[in-house]
Every structure is written in structure tokens, then in C-alpha cells.
Amino acid sequence: MANRIKYINELDCLIRDVELVGAQLQETLDEVINNLVEKNEILAKKIIKNDVWFNKAEHDINEKCLRLVLTQAPVATDWREIASIMKMIGDIERMADHCGDISKYTMSLAKEEAVTLPDYFGDMVNVMREMVFDSVKCFRDSDVDLAKKIIETDNVVDNYFKRFREDIAGLIKENPQNVEAYLNYLMIGKYVERIADHSTNVAEWIIYIVKNELK
């Protein structure tokens, strides 16, 4: 019994660690989104540099997961939760990577002439943001219904990006002098779509933890 209590306490600490990384991702993502307007190079560099923190957090959480497996006697449900946490923290770290990727292109855009974008670009970004914030919330609350909503919403971002890619190609043809800026925005759009994909992955792992169902 004492070993089981120790295991539960260590698992609770591990979950809080993941929640902390998720909260930091939310803060970083908001900085990235705001900087798409401001195009502040100092902030962009800070976001890129902060990726080191996420890398270390992923490493530390994975190490704690392995220590739990090696030092305790996890049952089937425990194995499922530990394995899912390792997968989720990997997806969170990749989202942080993409925040840095977007910031690199934001820095490039700061040197370019401002261009006109499709009017739904902000909507695409905001839907992705909602998915990320919901993924952190549904992990904290073990909310399967919210996880399913995230998975369904991924199609919205996919459709936005497909349309965005086609419209950017048209804008490049009409404004060849601005090709560099439009290509930068195209890459930003791709990373927005990838962040949404990783949010979906997190949601799928939450369903696996709670319901033992793999999509």
C-alpha cells in the first residue's frame, strides 16, 4: 500500500509538471500570435531562445516517467497513462518548436514591405489557438468531450490552410515583387496547421488515458 501511495504522489507531481509546460506553451503562443502584428525582433528572438526551456522540460518529464516505470510496479492503467504522458509532452515540445519556427519567419517579415493577406488568416490562427488552449484544459480536466471537439476542429484548420495556400499562390502571381513576404506567410500558415495537428494528437492521447480507446 505504501508503494502505491508513493506511486500516486509521484504521478500527481508528473501531471502537474505537464500542466506547467502546457501553461508556458499557452503564454508563448499568445506572444507569437501578437507578434505576427507587432513584428518585434527582440520578442521573436526571445521566443526562439526559450525553446531550450521546453526541450529541457520534455527531457525531465520523460526521465521521471521512466523512473516511475523502473522503480514502481505500474498496473495496466498506469502504463497507459505514463506512455500517453510521454507522447503528449513530445507533442507539446513540438508545438513550442513551431512557435520558434513562426518567430523566425516573423523576423524576416519585419524586414519586408507589409502585404495584404486573405481576410480569414486571423481566423485560422485563432482557431488553432483555441485548440491549443483546449488541449491544455482537457488534459487538466480529463475532459473527453472537449478532446473530441478538438479532434473535429482540426478539419477546420486543414480547410483554412488549403484555401490559404491556394490564395497565397494567387497573390504571388499578382504581386511578384512581394514573393518573399508571401512565402514567409505561407510557411507560417503551414506551422499553424502543424500546431493544430499536435493539439489533435494531445486530445487523442487524453481519450486513450480516460477511455482506453485509440482513434
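Rules and cut-offs
Residues numbered from 1 in each chain as written. Predicted model: local features only at pLDDT ≥ 70, side-chain atom pairs only at ≥ 80, totals over all residues. Heavy atoms only, no water. Helix = DSSP H or I, 4+ residues; strand = E, 2+ residues; numbered from the N terminus. Buried < 20%, exposed > 50% of the residue type's maximum accessible area, 1.4 Å probe, protein only. Contact = heavy atoms within 4.5 Å. Areas by Shrake-Rupley, 256 points an atom, 1.4 Å probe, with all protein chains shown as cover. Lys, Arg positive; Asp, Glu negative; His and termini not counted. Charge placed at Lys NZ, Arg CZ, Asp CG, Glu CD. Expected span 1.5 Å × (residues − 1). pLDDT = per-residue confidence, 0-100.

**Student:** Honestly, the overall build of the chain in this entry has me stumped. Any pointers?
**Tutor:** For the chain, the helix and strand inventory stands at seven helices and zero strands. Scanning the chain from its N terminus toward the C terminus, one meets helices and strands in the order α-α-α-α-α-α-α. Referenced to the eigenvectors of the C-alpha coordinate spread, the extents of the chain come out at roughly 70 × 35 × 20 Å. Relative to its 215 residues, the chain shows a buried fraction of 47%. Long-range pairs, those at least 24 residues apart, make up 84% of the contacts in the chain with a sequence separation of at least 6. Total accessible area on the chain is roughly 11200 Å²; 52% of this is exposed by carbon and sulfur atoms. Measuring between centres, the 28 positive side-chain charges of the chain sit 3 Å from its 39 negative side-chain charges.

**Student:** What should I look at first to understand the side chain of Q26 in this one?
**Tutor:** Of note, Q26 is situated in helix α1 (residues 2-38). For Q26, a relative accessible area of 17% translates into the label buried. Those residues in contact with Q26 that lie beyond four places of it in its chain are F133 and V136.

**Student:** Quick question: what am I supposed to make of helix α7 (residues 179-211) here?
**Tutor:** Three- or four-residue spacings in an α-helix give side chains the same orientation, since the helix completes a turn every 3.6 residues. For α7, with 33 residues, the first-to-last C-alpha span of 48 Å sits near the 48 Å given by 1.5 Å per residue. Looking one or two places after α7, you find N212, whose phi comes out positive at around 60 degrees.

**Student:** Just to check I follow, could you spell out the confidence of the model for the chain for this structure?
**Tutor:** Caution applies to low-pLDDT parts of the model: their predicted coordinates are not meant to be read in detail. In the predicted model, the chain carries a mean pLDDT of 94, and 95% of its residues have values of at least 70. Averaged pLDDT values over the elements of the chain bottom out at 91 in α1 and peak at 98 in helix α6 (residues 144-174).

**Student:** Looking at this structure, how should I read the environment of L14?
**Tutor:** Assignment of secondary structure puts L14 in helix α1. On the basis of relative accessible area, L14 is assigned to the buried category, the value being 1%. Sequence-wise, L14 and E213 are 199 residues apart; in three dimensions their C-alpha atoms are separated by 22 Å. In contact with L14, other than residues within four places in its own chain, are I61, K64, C65, L68 and I85.

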